[in-house]
Amino acid sequence: QVQLVESGGGLVQAGGSLRLSCAASGRTFSSWTMGWFRQAPGKEREFVAGIGWSGGNTKYADSVKGRFTISRDNAKNTAYLQMNSLKPEDTAVYYCAVDQSTTLVFTRAVSYDYWGQGTQVTVSS
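Residues numbered from 1 in each chain as written. Predicted model: local features only at pLDDT ≥ 70, side-chain atom pairs only at ≥ 80, totals over all residues. Heavy atoms only, no water.

A look at the overall build of the chain
The condition that has to hold: Helix numbering and strand numbering both begin at the N terminus, where a helix is a DSSP run of H or I of at least 4 residues and a strand a DSSP run of E of at least 2. Here the radius of gyration uses the C-alpha set of atoms, whereas the globule reference equals 2.2 Å times the residue count to the power 0.38. Exposure is judged per residue with a 1.4 Å probe applied to protein chains only, and the accessible area is read against the type maximum: over 50% gives exposed, under 20% gives buried, and values in between give partly exposed. Should any heavy atoms of two residues lie within 4.5 Å, those residues are counted as being in contact. Under the convention used here, a 1.4 Å probe and the Shrake-Rupley method define accessible areas, while residue burial counts only the protein chains that appear.
Each helix and strand in the chain was counted, giving zero helices and 11 strands. Ordered by position from the N terminus, the helices and strands of the chain form the series β-β-β-β-β-β-β-β-β-β-β. Computed over its C-alpha atoms, the radius of gyration of the chain comes to 13 Å, within 12% of the 14 Å expected for a compact globule of 125 residues. Across its three principal axes, the chain shows a C-alpha extent of roughly 40 × 25 × 25 Å. Within the chain, the proportion of its 125 residues that are buried is 44%. Counted over contacts in the chain with a minimum sequence separation of 6, partners at least 24 positions apart contribute 58%. When the accessible surface of the chain is summed, it comes to about 6300 Å², and 47% of that surface belongs to carbon and sulfur atoms.

So, in structure tokens, the structure goes:
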């Protein structure tokens with residue numbers, strides 16, 4: 001069983017930054033693809049960013065390109081999402097997820113096997 005725990009969310013003013021962390025249990029973390037998704041009230045969960053096992057393969061939603069950076073530290077079983085130049089429209093619950101079946105980065109939520117409980121990010125204008 002894989003457990004994921006997100007942290008680092010909070011309230012920030014527009015233009016500010018936050019760094020989310022996702023700590024994972026599991027002996028084979030380094031072979032998993034990790035993804036970050038978000039869900040705003042009344043909206044569907046959407047892909048934000050993903051990273052392959054080595055960290056060399058990353059993918060971003062167009063809405064966050066150039067502002068967000070995904071990374072991972074396999075020695076710490078942790079993935080990160082650095083969020084800069086935050087906008088009010090970034091307000092959502094952010095979830096990290098694991099895809100154990102592939103080394104590729106997929107953007108569909110159904111591709112991911114395990115999910116964290118989510119962390120709230122609120123950006124004020």
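That was the structure; now back to the text.
Observations concerning the environment of arginine 72
Note the following rule: Throughout this description, a polar contact denotes any pair of N or O atoms lying within 3.5 Å of each other; where both atoms belong to protein, one of them has to be capable of donating a hydrogen while the other can accept it, and for residues adjacent in sequence the pair is counted only when both atoms sit in side chains.
In this structure, arginine 72 sits in strand E7 (residues 68-73). Taking the C-alpha atoms as reference points, arginine 72 and cysteine 22, separated by 50 residues in sequence, lie 9.1 Å from one another. Beyond its immediate chain neighbours, meaning those up to four positions away, arginine 72 contacts Phe29, Ser30, Trp32, Thr33, Met34, Ile51, Gly52, Trp53, Gly55, Thr78, Ala79 and Tyr80. Within the local environment of arginine 72, its side chain forms a polar contact with the backbone oxygen of phenylalanine 29, the two atoms lying 2.8 Å apart. Only 2.8 Å separates the side chain of arginine 72 from the backbone oxygen of glycine 52, close enough to count as a polar contact.

Points about the side chain of arginine 38
Looking at the element boundaries, arginine 38 is found in strand E4 (residues 33-39). We classify arginine 38 as buried; its relative accessible area is 5%. Of the polar contacts made by the side chain of arginine 38, one reaches the side chain of glutamate 46; its length is 2.6 Å. In terms of polar contacts, arginine 38 uses its side chain to reach the side chain of aspartate 90, at 2.9 Å. Those residues in contact with arginine 38 that lie beyond four places of it in its chain are Glu44, Arg45, Glu46, Val48, Ser63, Val64, Phe68, Glu89, Asp90, Ala92, Val93 and Tyr94.

Notes on the sheet that holds strand E8 (residues 78-83)
Pairing between sheet strands relies on hydrogen bonds along the backbone, with the strands arranged either parallel or antiparallel. This is how the line gets drawn: The criterion for strand pairing is that DSSP finds at least two bridges linking the strands in question. Fitted lines through C-alpha atoms give the axes, limited to the stretch in contact for helices. The angle between two N-to-C directions lies from 0 to 180 degrees.
Spatially, four strands are ordered E1-E3-E8-E7 in an open sheet, and the strand pairing comes out antiparallel. For this open sheet the edge positions go to strand E1 (4-7) and E7, each flanked by a neighbour on one side alone. Adjacent strand axes in the sheet meet at a mean angle of 15 degrees, parallel and antiparallel pairs treated alike. Where strand E3 (residues 18-24) and E8 come together, six bridges link them in antiparallel fashion. When the bridges of E8 are listed, cysteine 22 appears paired with alanine 79.

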